[in-house]
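# Remarks on the overall topology
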Amino acid sequence: MIIGHFAVAYAARARWRRIPLPWLLLATMAPDLLRLCLAPWGVGMASRNDYSHALPWSIGLAAGAALVAWMVRRDKETAWVIGLVVLSHIALDMLSGRKPLWVGGPNGLNLQQFEPLEFVIEGALLYVGWRLLRQREQMHPAARKLALALMLLGEAGYLTTTLLARPYATRCIEHPIQPCWKRRRDQPPTSRGPSDPLRLAGVDGFVRKRPSG
Ligand SMILES: [Zn+2]
């Protein structure tokens, strides 16, 4: 999930006008950014997911972000909002992804395996968040619509990448509803290594080791 997270930042900005939008965007993407930052340090994908998205580390990340916001603004409400926006990322990822809430805990619903459904959910979230922001924020008329269209196009492009990146794709063009390897009774996809962009992006569907043969 990407643009669905942006929606939370837009809605929060519409409600709490004194919090800068870049802060809210950073907060809403903080777990994914932390996971990216851990990549060059040789931390495995599963551990990176744990340290950035699983409890109790995700609460620690939210508390850290809230503390930084409080140190800069000395405003309790800003700190609370920033912390909660970080945690909203974990809640939304529990819908779209399959990462566990904590190590050994319940997994996410993995709605991203149904790619069109994922797009509809994210698009709807973004639309609501963007509309709320538009009602409160002065924007150029072209930007009001263009930005929404560009974000939807970006998300569609990102999801299409996971369709097209064969043979590592988690879905197929001809059958986007279900992982294609399942549909074809094929081997599950394997990662191309730690620098694989899909893997770095946290796309699920990889197996940890290559299947034999
Ligand atoms: Zn995430």
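Attention here is on the structure that accompanies the text.

Calculation notes
Residues numbered from 1 in each chain as written. Predicted model: local features only at pLDDT ≥ 70, side-chain atom pairs only at ≥ 80, totals over all residues. Axes fitted to C-alpha atoms, helices over the stretch in contact; angles between N-to-C directions. Helix = DSSP H or I, 4+ residues; strand = E, 2+ residues; numbered from the N terminus. Parallel < 35°, antiparallel > 145°, perpendicular 65-115°, else oblique. Left-handed = near helix turned anticlockwise from the far one by under 90°. Contact = placed C-beta atoms within 7 Å. Buried ≥ 20, exposed ≤ 12 C-beta atoms within 10 Å, placed from the backbone.

## Observations regarding the packing of helix α3 (residues 30-38) against helix α4 (residues 45-53)
α4 packs onto α3 with a crossing angle of 140° between their chain directions and a minimal axis gap of 8 Å. With respect to their mutual orientation, α3 and α4 come out oblique. Here α3 and α4 pass one another in a crossing that is right-handed. Where α3 approaches α4, its residues Pro 31, Leu 34, Arg 35 and Leu 38 are matched on the opposing element by Arg 48, Asn 49, Tyr 51, Ser 52 and His 53.

## Quick notes on the environment of Leu 33
Its location among the elements puts Leu 33 in helix α3. Among the residues examined, Leu 33 registers 15 C-beta atoms within 10 Å and is labelled partly exposed. Through-space distance from the C-alpha of Leu 33 to that of Ser 52 is 8.5 Å; in sequence the pair is 19 residues apart.

## Quick notes on unusual backbone geometry
In this structure, Pro 56 follows Leu 55 across a cis peptide bond, with omega equal to 0°. Mapping Pro 56 onto the fold places it in the loop between α4 and α5 (57-73). In the Ramachandran plot, Arg 74 falls in the positive-phi region, its phi being about 55° despite a non-glycine side chain. With respect to the element layout, Arg 74 can be found in the loop between α5 and α6 (76-96). Classification of Arg 74 as exposed rests on a count of 9 C-beta atoms within 10 Å. Phi is positive for Asn 110, close to 60°, though the residue is something other than glycine. In this structure, Asn 110 sits in the loop between α6 and α7 (115-136). Among the residues examined, Asn 110 registers 16 C-beta atoms within 10 Å and is labelled partly exposed.

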